[in-house]
Amino acid sequence: MWVAGAGGGGRAEDVGGAGAGVPDQGPGGANPNEDWVAATPTLAVVLDGLSTAGLDTGCRHGVPWYVSQLGGHLVAALAEPGRPLTDGLAQALDQVAALHPGCDLRNPGTPSATVSILRAGADSFDYLVLADSPIVFERADDYQVVTDLRVDTVVPELRTETERFATGTPEHTEAVRRMVEAQRLTRNTVDGYWVAASNSEAASHAVVGAAPLADVSAAAVMSDGVSRFVTEYRAASWADAFTTLREGGADGLISAVRKVEATDPDGLRWPRYKVSDDAAVAFCQLP
């Protein structure tokens, strides 16, 4: 039971079901949106393309192309209800890699993305999370957050360095570039963190599980451009976020994030890589 739509003044489009929430997305700035979201009556997918920080990727297509291709192939691969989510992701990764054999897919900066998938079955939600775009389940008396924060353990000293400078300054831009360059060397390695890129092995390193439908009253799938409203900015609780989703839809929640970020345009209160990150969220309200 999902409703799909486009953010940023786009139109909402009902794709099936009633009493559903709204998947939505919004770019963080003037550059093309590198987040991707889609939903069917039983499936929601959110991808968050990884920033290249201006570094070479070995690919002529770019991150927006990559996430749109991966998202489309992923939805198609999971059209069979009983198929394991990891199998569908592995197939989609192989299919997208085959679309651009002329690119250097061995480049450590090859276009890549986080992946979060939520699928409703007869009795439970199946979920898959690869990297830090969380899935949040609302239960009768608490909230369960499923995420994968292995990236936070990589080059923490360079992450700290980016926090020394105001967002958007030359010093900040250079610090972010150095951090991303170092992160790439551990990307999709046993000593680092895993994301969707060109190697289908990444699918086997995702966080997977199931949540009984009877225990869940609502669920949200989102990129970290949305979740930071609660986890980093601490401007709201998960209860507040779900109330906003019910009353204003996904667009209302993204707007709330943007309003908070506008109060800290230099990233001094909440150090971050850019003033506003791309944002995507899908919300499901169960009967």
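Everything below is about the structure shown above.
Overview of the structure. (Residues numbered from 1 in each chain as written. Predicted model: local features only at pLDDT ≥ 70, side-chain atom pairs only at ≥ 80, totals over all residues. Heavy atoms only, no water.)

**What about the packing of aromatic side chains?**
Here's step 1: The tally for this structure, following the rule as stated, stands at 5 aromatic pairs.
Here's step 2: On the basis of an interplanar angle of 55° and a centroid distance of 5.2 Å, the ring pair of tyrosine 143 and phenylalanine 242 is categorised as tilted. Here tyrosine 143 is found in strand S9 (residues 143-146), whereas its partner phenylalanine 242 is found in helix H6 (residues 238-262), with 99 residues between them in sequence.
Here's step 3: When the ring of phenylalanine 242 is compared with that of phenylalanine 283, the centres are 5.7 Å apart and the planes differ by 80°; the resulting orientation is edge-to-face. Remark: phenylalanine 283 occurs in strand S12 (residues 279-285) and phenylalanine 242 occurs in helix H6; sequence separation between them is 41 residues. The two residues phenylalanine 242 and phenylalanine 283 agree in class, both being buried.
Here's step 4: In textbook terms, an aromatic cluster arises when at least three aromatic residues are bridged by ring pairs, as seen for Phe125, Tyr127 and Phe137. (Phe/Tyr/Trp six-rings, centres within 6.5 Å; stacked < 30°, edge-to-face > 60°. Helix = DSSP H or I, 4+ residues; strand = E, 2+ residues; numbered from the N terminus. Buried < 20%, exposed > 50% of the residue type's maximum accessible area, 1.4 Å probe, protein only.)

**A few points about the sheet that holds strand S4 (residues 35-39)**
Here's step 1: Ordered by their spatial adjacency, 5 strands build an open sheet running S4-S5-S6-S7-S10, and the pairing between neighbours is antiparallel. Looking along the sheet, the strands with just one partner apiece sit at the ends: S4 and strand S10 (207-212). Strand-to-strand twist in this sheet, taken as the mean axis angle between neighbours without regard to direction, amounts to 10°.
Here's step 2: Contacting S4, strand S5 (43-49) and strand S6 (113-120), helix H1 (residues 63-77) crosses the sheet at an angle of about 160° to S5. (Pairing = 2+ DSSP bridges. Axes fitted to C-alpha atoms, helices over the stretch in contact; angles between N-to-C directions. Contact = heavy atoms within 4.5 Å.)

**Let's talk about the nonpolar core**
When a protein is soluble and globular, its nonpolar side chains tend to lie buried together.
Here's step 1: Within the largest apolar cluster, 27 residues are counted, with the highest numbers of intra-cluster contacts made by Leu70, Val115, Ile117 and Leu130.
Here's step 2: Elements with a contribution of two residues or more to this core: S4, S5, H1, helix H2 (85-99), S6 and strand S7 (124-130).
Here's step 3: Ranked by residues supplied to this core, first place goes to H2 with 6 residues.
Here's step 4: Membership of the second largest hydrophobic core comes to 23 residues, among which are Val136, Ala256, Trp270 and Val281. (Core = buried A, V, L, I, M, F, W, Y, C linked by side-chain atoms within 4.5 Å.)

**Concerning the side chain of threonine 110**
Here's step 1: Tracing the backbone shows threonine 110 in the loop between H2 and S6.
Here's step 2: Discounting residues that sit within four places of it in the chain, threonine 110 has contacts with Thr57, Asp104, Leu105, Arg187, Ala197 and Ser198.

**Here we look at the environment of glutamate 181**
Here's step 1: Mapping glutamate 181 onto the fold places it in helix H4 (residues 170-184).
Here's step 2: Of the residues examined, glutamate 181 reaches a relative accessible area of 40% and is grouped as partly exposed.
Here's step 3: Taking the C-alpha atoms as reference points, glutamate 181 and glycine 109, 72 residues apart in sequence, are found 8.2 Å from one another.

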